[in-house]
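What the coordinates show
So the chains spell out like this:
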Amino acid sequence: MKDETEPAGSPFVHPPLSLVSRIARSFYFAFAGLNYLFRTQRNARIHALLGAAACGIGAWVGISRVEWAVLVFTIALVLILEGLNTAVEAAIDLASPNVHPLAKAAKDLAAGMVLIAALASVAVGLLILGPPLWRKVCGP
């Protein structure tokens, strides 16, 4: 099996990779992407920190399994969209280094989708964590 990173017609032949090696390599690249996201994107770090705080509050107030599922999915969705926004911006910067109205529209649209998810996550957090947190802090 030829390595996908070599250009077509390359004289260098790679030995075939085992299934385990290919899977390990895929995880390596995925973690490299996450590393890039958190190393370069302040908002991703903020979202992760707020998500961790929400999980801490959830553990403290004792939310149900279903509430955990909704909370974790919501946190993941915001981080996924932040990553996609970063990927869109990088691809647009590569393809269109000069200012172009369509490039701006695509970047603004991707950022707007992250904003919608972030605002929705605040609503989910308030709905799930608000009542038990209120009871825990202020009493019955």
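Please refer to the structure higher up on the page.
Treat the numbers as computed from the prediction; the structure is a model and nothing was measured.

**Re the overall build of the chain**
- On a plain count of helices and strands, the chain comes out with four helices and zero strands.
- Along the chain, from the amino end to the carboxyl end, the secondary structure elements read α-α-α-α.
- Its C-alpha atoms give the chain a radius of gyration of 21 Å, clearly above 14 Å, the size a compact globule of 140 residues would have.
- Counting only C-alpha atoms, the chain reaches 75 × 45 × 20 Å along its principal axes.
- With 140 residues in all, the chain has 21% of them scored as buried.
- A separation threshold of at least 6 residues defines the contact pool for the chain, and within that pool the share at least 24 residues apart is 59%.

**Some thoughts on the pattern of salt bridges**
- Applying the stated rule across the entire model yields two salt bridges.
- Between Lys104 and Asp108 there is a salt bridge whose closest N-O contact spans 2.5 Å. With Lys104 and Asp108 both in helix α4 (residues 101-138), this residue pair falls four residues apart, about one helical turn.
- The partly exposed category is assigned to Asp108, whose relative accessible area is 42%.

**Details of the nonpolar core**
- Core analysis: the largest hydrophobic core is formed by eight residues, namely Ala54, Val61, Ile63, Leu71, Ile75, Leu79, Ile128 and Leu129.
- Counting only elements with at least two residues in this core, the list comes to α2 (42-61), α3 (65-95) and α4.
- Sequence-distant contacts of Leu71, defined by excluding residues within four places in its chain, comprise Ala54, Cys55, Ile63 and Ile128.

**A look at α2**
- The end-to-end C-alpha distance of α2 is 29 Å, a good match for the 28 Å that 20 residues give at a rise of 1.5 Å each.
- Every buried residue of α2 is accounted for by Ala44, His47, Gly51, Ala54, Gly58 and Val61. All buried residues of α2 lie within an arc of 120° about the axis, which places them on one face of the element. For α2, the exposed residues lying more than 90 degrees away from the buried face are Arg42, Leu49 and Ala59.

**Side note on α3**
- Taking 1.5 Å of rise per residue, the 31 residues of α3 would be expected to cover 45 Å, and the 44 Å separating its terminal C-alpha atoms lies within 8% of that figure.
- For α3, the set of buried residues is Leu71, Thr74, Ile75, Val78, Leu79, Glu82, Asn85, Thr86 and Ile92.

**Focus on the packing of helix α1 (residues 19-40) against α3**
- Packing of α1 against α3 brings their axes to within 11 Å, and their N-to-C directions diverge by 85°. By the criterion of interaxial angle, the relationship of α1 to α3 is roughly perpendicular. Only Leu79, Glu82, Gly83 and Thr86 of α3 make contact with α1, whose side of the interface consists of Tyr36, Leu37 and Phe38.
- Per-class residue counts for the contact of α1 with α3 are four nonpolar, two polar and one charged.

**Digging into the side chain of Asn85**
- Residue placement: Asn85 occurs in helix α3.
- For Asn85, the contacting residues outside a window of four places in its chain are Lys107, Ala110, Ala111 and Val114.

**Here's the deal with the packing of α2 against α3**
- Relative orientation of the contacting elements α2 and α3 amounts to 175°, with a least axis distance of 10 Å. Between α2 and α3, the angle falls in the class roughly antiparallel. Contact residues: Asn43, Ala44, His47, Ala48, Gly51, Ala54, Cys55, Gly58 and Ala59 in α2; Trp68, Leu71, Ile75, Val78, Leu79 and Glu82 in α3.

Reading the values: the criteria
- Position numbers for residues count from 1 along each chain, tracking the sequence in the order it is written.
- Side-chain atom pairs in this predicted model are given and counted only at pLDDT of 80 or more, local residue features only at pLDDT of at least 70, and totals for whole chains, interfaces and linings cover all residues.
- Note that water and hydrogens are dropped before the side-chain values are worked out from all heavy atoms of the structure.
- Secondary structure elements follow DSSP: runs of H or I of four or more residues count as helices, runs of E of two or more count as strands, with numbering from the N terminus.
- Each radius of gyration is computed over the set of C-alpha atoms, and the globule rule expresses the reference value as 2.2 Å times the number of residues to the power 0.38.
- Three exposure classes are used, based on accessible area relative to the maximum for each residue type with a 1.4 Å probe and protein chains only: buried under 20%, partly exposed in between, and exposed over 50%.
- Contact definition: two residues touch when any of their heavy atoms are within 4.5 Å.
- The salt bridge criterion pairs a side-chain nitrogen of Lys or Arg with a carboxyl oxygen of Asp or Glu, the two atoms within 4 Å.
- Grouping buried Ala, Val, Leu, Ile, Met, Phe, Trp, Tyr and Cys residues that are joined through side-chain atoms within 4.5 Å yields what is termed a nonpolar core.
- One fewer than the residue count of a helix, multiplied by 1.5 Å, yields its expected span.
- The directions considered for the arc run from the helix axis to the C-beta atoms.
- Convention adopted: a line fitted to C-alpha atoms gives each axis, helices being fitted over their contacting stretch, and angles between N-to-C directions are expressed from 0 to 180 degrees.
- Here roughly perpendicular refers to angles of 65 to 115 degrees, roughly parallel to angles under 35, roughly antiparallel to angles over 145, and oblique to all remaining angles.
- Under the convention adopted here, Pro, Cys and the residues Ala, Val, Leu, Ile, Met, Phe, Trp and Tyr are nonpolar, Asp, Glu, Lys and Arg are charged, and Gly plus all remaining residues are polar.

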